[in-house]
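The residues making up each chain are set out below.
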Amino acid sequence: MTRTTVQQEFWNWFSQHEKELFDFEVNQERIFDQLATELQKVDLDLTFEFGPRGARREFVISAGGIKRAFRSVSALAHAAPTLDRWHVTAFRPRRPLSNVVEFRGKRVDPQDVQFSLLDNGKVAGVYLFIPGFREDDIDLKQIGYLLLDEALGEYDVEARLGLIKMLSPETKTEVNRYPLFELPTRFDQLISQLGREHRA
């Protein structure tokens, strides 16, 4: 079975179950299990998200932060048919940094997080300063990645960031720090600048 056929099979299944997916709250566990199974027939690393219910609903196809699966995300989204009630999005998009992020009992307020952007002339990097962070704290590290995903979106975090380092706010560094909510704008400016330098 060719890749194109696998993608078409997925969208055929999606179209046939469109009503159940649109109203997934009715029987969420069952339809999500089925959807995950169908997505994994395309690529084992694909995951998904749904936007809030409205006249149209967003269906996000994600690689779960795994760069190897990016091509599968792009190809599947590109193969999507026109669906009147759906907006299909490739990769988790940027979201407003408004809510406290909770993970395994730990909470981080984005307003308490700072960042520094790094520029080696070729690729952008980032330091993320998270209150209470220790190098062995896997949970806070995961929260850091969730915050980056919200601020920059899945594609930019994986494809356009080089070094990513979580640090305690007490860590001394020689680069300027800014509030996390400024990251999208400053990141886009740096990427644009790097692109101009690369073309020069």
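Above this text you will find the structure in question.
Going along each chain's sequence as written, the residues are numbered from 1 onward. Confidence filtering applies because this is a predicted model: local features only for residues at pLDDT of at least 70, side-chain atom pairs given and counted only at 80 or more, and all residues used for totals across whole chains, interfaces and linings. The side-chain numbers reported here are obtained from all heavy atoms of the structure, hydrogens and water having been left aside.

### Focus: the overall build of the protein
Part 1 of the argument: Helix and strand labels come from DSSP, where a helix needs a run of H or I of at least four residues and a strand needs a run of E of at least two; each type is numbered from the N terminus. Counting its regular elements, the protein contains seven helices and nine strands.
Part 2 of the argument: Seen along its three principal axes, the alpha-carbon backbone of the protein occupies a region of about 55 × 45 × 30 Å.
Part 3 of the argument: The buried label goes to any residue with under 20% of its type's maximum accessible area, the exposed label to any with over 50%, and the partly exposed label to all in between, with areas taken from a 1.4 Å probe on protein chains only. Considering the protein as a whole, with its 200 residues, one finds that 41% of them fall into the buried category.
Part 4 of the argument: Considering only residue pairs separated by 6 or more positions, the protein has 67% of its internal contacts joining residues 24 or more positions apart.
Part 5 of the argument: Taken as a whole, the protein presents about 11600 Å² of accessible surface, with 49% of it coming from carbon and sulfur. Residues count as neighbours in contact if any of their non-hydrogen atoms are within 4.5 Å of one another. Note on areas: Shrake-Rupley with a 1.4 Å probe; residue coverage comes only from the protein chains shown.

### Side note on helix α3 (residues 28-42)
Part 1 of the argument: Given a helix with a known number of residues, its expected span is that number minus one, times 1.5 Å. In a regular helix each residue adds 1.5 Å, so 15 residues correspond to 21 Å; α3 covers 21 Å between its end C-alpha atoms and thus fits that length.
Part 2 of the argument: Burial in α3 covers these residues: I31, F32, L35, E38, L39 and V42. The buried residues of α3 occupy one face: seen down the axis, they fall within an arc of 125°. Those residues of α3 that are exposed and angled more than 90 degrees off the buried face are E29 and K41. What the arc measures is the spread of directions leading from the helix axis to the C-beta atoms.

### Brief notes about the side chain of D139
Part 1 of the argument: When you line up the elements, D139 lands in helix α5 (residues 138-152).
Part 2 of the argument: When residues no more than four places from it in sequence are discounted, the contact partners of D139 are F103, R104 and K106.

### What about the nonpolar core?
Part 1 of the argument: Definition of nonpolar core: a set of buried residues of the types Ala, Val, Leu, Ile, Met, Phe, Trp, Tyr and Cys, connected through side-chain atoms within 4.5 Å. Core analysis: the largest hydrophobic core is formed by 27 residues, its most contacted members being F10, F14, L35, F50 and F59.
Part 2 of the argument: For this core, the elements supplying multiple residues, two or more each, are α1 (3-16), α2 (18-22), α3, β1 (47-50), β2 (57-62) and α4 (70-78).
Part 3 of the argument: Within the second largest apolar cluster, 25 residues are counted, among which are F115, V126, L140 and A151.

### Looking at the layout of surface pockets
Part 1 of the argument: Within this model, the largest pocket holds a volume of roughly 250 Å³.
Part 2 of the argument: No other element matches α5, which puts three residues into the lining of the largest pocket.
Part 3 of the argument: As a working rule, the residues Ala, Val, Leu, Ile, Met, Phe, Trp, Tyr, Cys and Pro are called nonpolar, Asp, Glu, Lys and Arg charged, and the rest polar, with Gly in that last group. Here the lining of the largest pocket is composed, by residue class, of four nonpolar, two polar and five charged. Cavities and pockets are defined on a 1 Å grid built over the protein atoms alone: a cavity is a set of grid points where a 1.4 Å probe fits but cannot escape, while a pocket is an open set with protein on both sides within 12 Å along at least five of seven lines, and lining residues are those with an atom within 4 Å of any such point. Grid points are joined across faces, edges and corners, and a volume is the space filled by probe spheres set on the points.

### A look at the environment of R177
Part 1 of the argument: On the secondary structure map, R177 appears in the loop between β8 (161-167) and β9 (178-179).
Part 2 of the argument: For the pair formed by R177 and N99, sequence separation is 78 residues and the distance between their alpha carbons is 21 Å.
Part 3 of the argument: Not counting residues up to four positions away in its chain, the partners in contact with R177 are Q114, F115, S116, F129, P169, T171 and K172.
Part 4 of the argument: We call two N or O atoms a polar contact when they sit within 3.5 Å, provided that within protein one can donate a hydrogen and the other can accept it, with sequence-adjacent residues counted only if both atoms are side-chain atoms. Among the polar contacts made by the side chain of R177, one reaches the main-chain carbonyl oxygen of P169 at a distance of 2.8 Å.

### Some points on the environment of A79
Part 1 of the argument: Within the secondary structure, A79 is located in the loop between α4 and β3 (86-90).
Part 2 of the argument: Remark: the alpha-carbon pair of A79 and T5, spanning 74 residues in sequence, is separated by 10 Å.
Part 3 of the argument: Other than its neighbours up to four places away in sequence, A79 contacts Q7 and W11.

Take it as geometry only, folks, not as evidence of what the structure does.
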